[in-house]
Structure formats: structure tokens, C-alpha cells
Amino acid sequence: MNITKTLFTEFSSSPKKAWFHRNDKKIYTTIVEAEYGAMDGSELWQSIEDQVKLLLWEHIIVTPEGDYDMAFTETKQLLANYPAVIYQPWFQSDDLQIRCDFLVRNESGTYDLREVKAKNT
């Protein structure tokens, strides 16, 4: 089973909501609509991602669904070129696979991992 950041944070604050997210999309959608009203959080987040992609198009990891080996290879290749920002790089250690939002090169020449959230709860 894959566990996403969204699912993990939902489970941390509301295990029932996380269960519905995974098992009953209709009820989950009803819960999210009740929380956020008419605002469609996924549309908002997608529009933010689209703007980021326009700004960082040459530093994006493009991953076909399920092709993690390609994602890890692309991440290594981008890191070898030492860009200022990498969008959605992938890493693996043993059986743990991670995709973060951004790696941003800092003044000391290493990278800071940055996560972006549409909400702060």
C-alpha cells in the first residue's frame, strides 16, 4: 500500500477521514466539501502546481505512472547538473520511496527540502 503525505496528515488528525479517503471517495468528497465549502482545494492546488511548472520547466521530474526507476534516475541526473531548484524529486532507501515537493540549493551548496501545502492544518 502506498501512503501519501496527504493520507498520512489526514490520518494524524482524523483517522476516519483518512479511511474514507482511501475506501469511499463519495463520502470523502462530501466531508471535504463540508470543510471547505465551495472552494475546490484540488483545483486550487493544481493551479499552483501549473504555475510552478511554468517557472521551473527544465527542472521537473516527469514520472510516468508507476515508473519509479525512471523517476530515481531522472532525479540523479538533475542533481548531477546542480540546478538551483528541483521540482518533485524522488529518492529511495531500501523499501522507502519518497517524493518531495522541492529541493532548493542553499548558500552552503547543499539542498533544503521544501514542502508546500495548500492549507496549514
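Described below are features of the structure shown in this document. All figures in this text were calculated on a predicted structure; none of them were measured in a lab.

Thresholds, definitions, all that
Residues numbered from 1 in each chain as written. Predicted model: local features only at pLDDT ≥ 70, side-chain atom pairs only at ≥ 80, totals over all residues. Heavy atoms only, no water. Pairing = 2+ DSSP bridges. Helix = DSSP H or I, 4+ residues; strand = E, 2+ residues; numbered from the N terminus. Buried < 20%, exposed > 50% of the residue type's maximum accessible area, 1.4 Å probe, protein only. Contact = heavy atoms within 4.5 Å. Axes fitted to C-alpha atoms, helices over the stretch in contact; angles between N-to-C directions. Nonpolar A, V, L, I, M, F, W, Y, C, P; charged D, E, K, R; others polar. Salt bridge = Lys/Arg side-chain N within 4 Å of Asp/Glu carboxyl O.

1. Brief notes about the pairing of strand β2 (residues 90-93)
Here comes step 1: Pairing of β2 with strand β3 (residues 96-99) involves four bridges; the strand directions are antiparallel. Counterpart to Q92 in the pairing with β3 is Q97.
Here comes step 2: With antiparallel pairing between neighbouring strands as the criterion, β2 and β3 make up a hairpin whose turn holds two residues, including D94 at a positive phi of roughly 55°.

2. Some points on the pairing of strand β5 (residues 111-114)
Here comes step 1: As defined by bridge partners, strand β4 (residues 102-105) adjoins β5 across four bridges and the pair is classed as antiparallel. Pairing of L103 across the sheet is with L113, part of β5.
Here comes step 2: Taking the residues that link successive antiparallel strands as the turn, the β4-β5 hairpin has five residues, and the phi of G109 there is positive, at about 90°.

3. Considering the environment of I98
Here comes step 1: Topologically, I98 is positioned in strand β3.
Here comes step 2: You can call I98 partly exposed: its relative accessible area is 40%.
Here comes step 3: As a C-alpha pair, I98 and Q88 span 10 residues in sequence and 9.5 Å in three-dimensional space.
Here comes step 4: Once residues within four sequence positions are removed from consideration, I98 is found in contact with P89, W90 and F91.

4. With respect to the sheet that holds strand β1 (residues 85-87)
Within a sheet, adjacent strands bond to each other through the backbone by hydrogen bonds, running parallel or antiparallel.
Here comes step 1: One open sheet accounts for three strands, arranged β1-β4-β5; its pairing is antiparallel. Unpaired on one side and paired on the other, β1 and β5 mark the two borders of the sheet. Averaged over all neighbouring strand pairs, the angle between strand axes comes to 20°, with direction disregarded.

5. Quick notes on the packing of helix α1 (residues 5-13) against helix α2 (residues 15-23)
Here comes step 1: Where α1 contacts α2, the axes come no closer than 5 Å and their chain directions differ by 145°. Here T6, L7, E10, F11 and S13 of α1 lie close against α2, whose contacting residues are P15, K17, A18, H21 and R22.
Here comes step 2: Looking at side-chain class alone, the contact of α1 with α2 contains four nonpolar, three polar and three charged residues.

6. What about the pattern of salt bridges?
Here comes step 1: For the coordinates displayed, the defined rule picks out two salt bridges.
Here comes step 2: Linking E10 and K17 is a salt bridge whose minimum nitrogen-to-oxygen distance equals 4.0 Å. Each member of the pair, E10 together with K17, is buried.
Here comes step 3: D112 serves as the salt-bridge partner of R114, at 3.7 Å between the closest nitrogen and oxygen.
Here comes step 4: A relative accessible area of 42% places R114 in the partly exposed class.
Here comes step 5: Look at D112 and you get partly exposed, because its relative accessible area is 28%.

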